[in-house]
Amino acid sequence: MSHLSQKHLLGIKNITKNDIDLILSTAQNFKEVINRPIKKVPSLRDITVANLFFENSTRTRLSFELAQKRLSADVINFSASNSSVKKGETLVDTVNNILAMKVDMIVMRHSSPGAAVFLAKRVNAKIVNAGDGAHEHPTQALLDAFSIQEKLGSLKDKKIVIVGDILHSRVALSNIFCLQKLGAKVKVCGPQTLIPKYITSLGVEVELDLKKALEWCDVANMLRIQLERQDIKFFPSLREYSMLYGLNKSLLDSLNKKIVIMHPGPINRGVEITSDVADSEQSIILEQVENGVAVRMAVMYLLAGKQD
Ligand code: CP
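Rules used throughout
Residues numbered from 1 in each chain as written. Predicted model: local features only at pLDDT ≥ 70, side-chain atom pairs only at ≥ 80, totals over all residues. Heavy atoms only, no water. Helix = DSSP H or I, 4+ residues; strand = E, 2+ residues; numbered from the N terminus. Rg over C-alpha atoms; globule rule 2.2 N^0.38 Å. Buried < 20%, exposed > 50% of the residue type's maximum accessible area, 1.4 Å probe, protein only. Areas by Shrake-Rupley, 256 points an atom, 1.4 Å probe, with all protein chains shown as cover. Lys, Arg positive; Asp, Glu negative; His and termini not counted. Charge placed at Lys NZ, Arg CZ, Asp CG, Glu CD. Pairing = 2+ DSSP bridges. Axes fitted to C-alpha atoms, helices over the stretch in contact; angles between N-to-C directions. Contact = heavy atoms within 4.5 Å. Near = heavy atom within 4 Å. Polar contact = N/O pair within 3.5 Å; in protein donor to acceptor, adjacent residues only side chain to side chain. Nonpolar A, V, L, I, M, F, W, Y, C, P; charged D, E, K, R; others polar. Right-handed = clockwise from strand over helix to strand, strands pointing away.

Student: Account for the overall build of the chain, naming residues and giving values.
Tutor: Tallying secondary structure elements over the chain gives 11 helices and nine strands in all. A compact globule built from 308 residues should have a C-alpha radius of gyration of about 19 Å, and the chain, at 19 Å, falls within 12% of that. Every one of the 308 residues in the chain was classed for burial, and the buried ones make up 56%. Here the chain displays about 13700 Å² of accessible surface, and carbon together with sulfur accounts for 51% of that area. Taking the 40 positively charged and 32 negatively charged side chains of the chain as two groups, their mean positions are separated by 2 Å.

Student: Quick rundown of the sheet that holds strand 7 (residues 205-207)? Include the residues and the values.
Tutor: Strand order in this open sheet of five strands is 7-6-5-8-9, and the pairing throughout is parallel. Two strands in the sheet have a free side with no partner beyond their single neighbour: strand 7 and strand 9 (260-262). Taking the axes of each pair of neighbouring strands and ignoring which way they run, one obtains an average angle of 25° across the sheet. Pairing of strand 6 (residues 185-189) with strand 7, which is carried by three bridges, proceeds in the parallel orientation.

Student: Outline the sheet that holds strand 4 (residues 126-132), supporting the account with residue identities and numerical values.
Tutor: An order of 2-1-3-4 is seen for the four strands of this open sheet, with the pairing classed as parallel. Both edges of this open sheet fall to strand 2 (74-79) and strand 4, since each of them pairs with a single strand only. The sheet shows a mean angle of 15° between the axes of neighbouring strands, taken without regard to direction. Sheet analysis places strand 1 (residues 48-53) next to strand 3 (residues 105-110), joined by five bridges and oriented parallel. Within the sheet, the bridge partner assigned to Asn51 lies in strand 3 and is Val107. Running over the sheet, helix 2 (residues 59-70) touches strand 1, strand 2, strand 3 and strand 4 and is turned about 175° from strand 1.

Student: Kindly report on the site of the ligand, identifying the contributing residues and their values.
Tutor: Around the ligand lies a shell formed by Ser57, Thr58, Arg59, Thr60, Arg109, His137, Gln140, Pro264 and Gly265. Contact distances for the ligand include 2.8 Å between an oxygen atom and a side-chain N or O atom of Arg109. Gln140 places a side-chain nitrogen or oxygen 3.0 Å from a nitrogen atom of the ligand. Taken by itself the ligand offers 250 Å² of open surface, and the protein chains cover 91% of this. Across the shell around the ligand, the residue classes tally to one nonpolar, six polar and two charged.

Student: Tell me about unusual backbone geometry, and please be specific about residues and values.
Tutor: Looking along the chain, the bond that leaves Gly265 and enters Pro266 is cis, with omega of -5°. With respect to the helices and strands, Pro266 occurs in the loop between strand 9 and helix 10 (275-278). At Lys102, a position not held by glycine, the phi torsion is positive, near 65°. Within the element layout of this structure, Lys102 appears in the loop between helix 3 (91-99) and strand 3. A positive phi angle, close to 65°, is found at Asp157, a residue other than glycine. Judged by its relative accessible area of 41%, Asp157 is partly exposed.

Student: Got a sec to walk through the pairing of strand 1? Specific residues and values, please.
Tutor: Most of strand 1 is tucked away: six of the six residues are buried. Across the two faces of strand 1 the burial is the same, with Thr48, Ala50 and Leu52 and Val49, Asn51 and Phe53 all buried. Bridge count for strand 1 against strand 2 is six bridges, and the pairing is parallel. When the bridges of strand 2 are listed, Leu52 appears paired with Phe78. Tracing the backbone out of strand 1, into helix 2 and back to the parallel element strand 2 gives a crossover that is right-handed.

Structure below.
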């Protein structure tokens, strides 16, 4: 079995292009598997995985669980809201108690940036970061890269613009690392207040005008405004945000080419993207979700094969 150079998947920043290529090619094989009448393989029959979600999720949580079931792993699910975390148990104690039940791999979403790295240093299990605060969301970036590759071929020299709330977005950061490692050119676009100053140090260009950004790109990844992470107002109102940075059909149709539209979900319809764009034939939003299962199967399969 080929395997990754890392024991964990904590982020995209510190993994190699070879690792990314291996995950994407393995995901291609798993995509074929899950399109068969019998969608299950025995690859993780001897592995037990715990899904620890300390923050809300629909796509990532269900996608990981389905991926584990398609790989024949044993699965347990934990959500912080109805656990003993509410009684004051620490993260490390919680995880060590779960590992005492002979669990091999932890998939964790947490609201604290760095939570997955923190855990990986303190417990004896393979850790997959399913999103840690505004830090990284590595499997989202991998499924986004897989989906672009499926639609447009190699990412080399493809132009991708990430639009919206870059400041609070783990999807933006992981996508920037992943797309650049695969040879794509990346711009970010949004209100100046939602673009962190350090972003240009990552080799990313900033474009404040949405129409210019869309005219430049092959792919636009429209991010959700993360009101739950905003403790102050970064723009006057959602209506004004939508007028300047929302993607609607007349703006899309005014471009002189057909670009690919992506969104990691959940969508705020009518804010960052209108329904007629989200549901248009240029949108690959549901393909992203479909590909998430194959990509997460690949990640867990490859990590399981990595010796400590
Ligand atoms: N894209 C994404 O992470 O969605 P969820 O928050 O629903 O998992």
